[in-house]
Amino acid sequence: MVNTGRMVREKGKTKKHGREYVILDDDSNELWEIDYDTGHAVNVSEYVKIGSLKHDSIVKYSGGIEDFLLKQRDCKNIHFHETTGVPARLHMNSCSFETHT
């Protein structure tokens with residue numbers, strides 16, 4: 001796995017800073033942007049083209065976003081939200097989380 005943050009840790013350890021992009025279940029239609037500085041992850045599949053990202057900034061994971069955050073990044077207190085943007089037709093799934101200190 002290759003990540004884009006300033007501090008990268010191995011499996012089971014917290015990634016404390018920066019952003020990374022995760023393609024879930026080997027499905028290039030589900031792309032999540034994870035921001036460890038703010039503690040938010042957003043499904044950006046409809047808004048970000050994978051081709052516009054550096055390939056070394058994308059992690060592929062066979063599982064869901066909650067599983068990835070819990071098992072791969074050791075995050076906790078994950079809460080899912082459905083947000084509505086402006087205009088109202090823009091909906092995105094997101095979650096917030098805490099990293100272990």
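Each value, and the rule that gives it
- Residues numbered from 1 in each chain as written.
- Predicted model: local features only at pLDDT ≥ 70, side-chain atom pairs only at ≥ 80, totals over all residues.
- Heavy atoms only, no water.
- Helix = DSSP H or I, 4+ residues; strand = E, 2+ residues; numbered from the N terminus.
- Buried < 20%, exposed > 50% of the residue type's maximum accessible area, 1.4 Å probe, protein only.
- Contact = heavy atoms within 4.5 Å.
- Salt bridge = Lys/Arg side-chain N within 4 Å of Asp/Glu carboxyl O.
- Polar contact = N/O pair within 3.5 Å; in protein donor to acceptor, adjacent residues only side chain to side chain.
- Phe/Tyr/Trp six-rings, centres within 6.5 Å; stacked < 30°, edge-to-face > 60°.
- Arc of directions from axis to C-beta.
- Core = buried A, V, L, I, M, F, W, Y, C linked by side-chain atoms within 4.5 Å.
- Disulfide = S-S within 2.5 Å.

### Some thoughts on the overall build of the chain
Across its full length, the chain carries 1 helix and 6 strands. The secondary structure elements of the chain, listed N-terminal to C-terminal, are β-β-β-β-α-β-β. Looking at the chain as a whole, 39% of its 101 residues qualify as buried. Residue pairs in contact within the chain that sit at least 24 positions apart in sequence constitute 48% of those at least 6 positions apart.

### A few points about the pattern of salt bridges
Applying the stated criterion across every chain, the model contains 4 salt bridges. Each member of the salt-bridge network shares a partner with another, and the members are Arg-19, Glu-33 and Asp-35.

### What to know about the side chain of Glu-20
Note on placement: Glu-20 falls in strand E1 (residues 19-24). Side chain to side chain, Glu-20 and Tyr-36 meet in a polar contact 2.4 Å long.

### A short note on the packing of aromatic side chains
Per the counting criterion, the structure on display carries 2 aromatic pairs. Consider the rings of Tyr-61 and Phe-68, whose centres lie 5.2 Å apart with planes at 70°: the pair is edge-to-face.

### Considering helix H1 (residues 65-72)
Within the span of H1, buried status applies to Ile-65, Phe-68, Leu-69 and Gln-72. Along the long axis of H1, the arc covered by the buried residues comes to 110°, so they all point the same way. In the stretch just after H1, Asp-74 is the one whose phi turns positive, near 55°.

### Considering the nonpolar core
Grouped together as the largest cluster of nonpolar side chains are 15 residues, with contacts concentrated most on Val-22, Ile-34, Tyr-36, Phe-68, Leu-69 and Phe-97. Of all the elements, H1 adds the most residues to this core, at 3 residues.

### Some words on the state of the cysteines
What the rule picks out here adds up to 0 disulfides. For the unlinked cysteine Cys-75, the closest cysteine sulfur is that of Cys-95, found at 8.7 Å.

### Describing the environment of Leu-53
Within the secondary structure layout, Leu-53 lies in the loop between strand E3 (40-43) and strand E4 (58-61). Between the C-alpha atom of Leu-53 and that of Tyr-21, which follows or precedes it by 32 residues, the distance is 8.8 Å. Residues in contact with Leu-53, not counting those within four places in the same chain, are Tyr-21, Leu-31, Val-48 and Ile-58.

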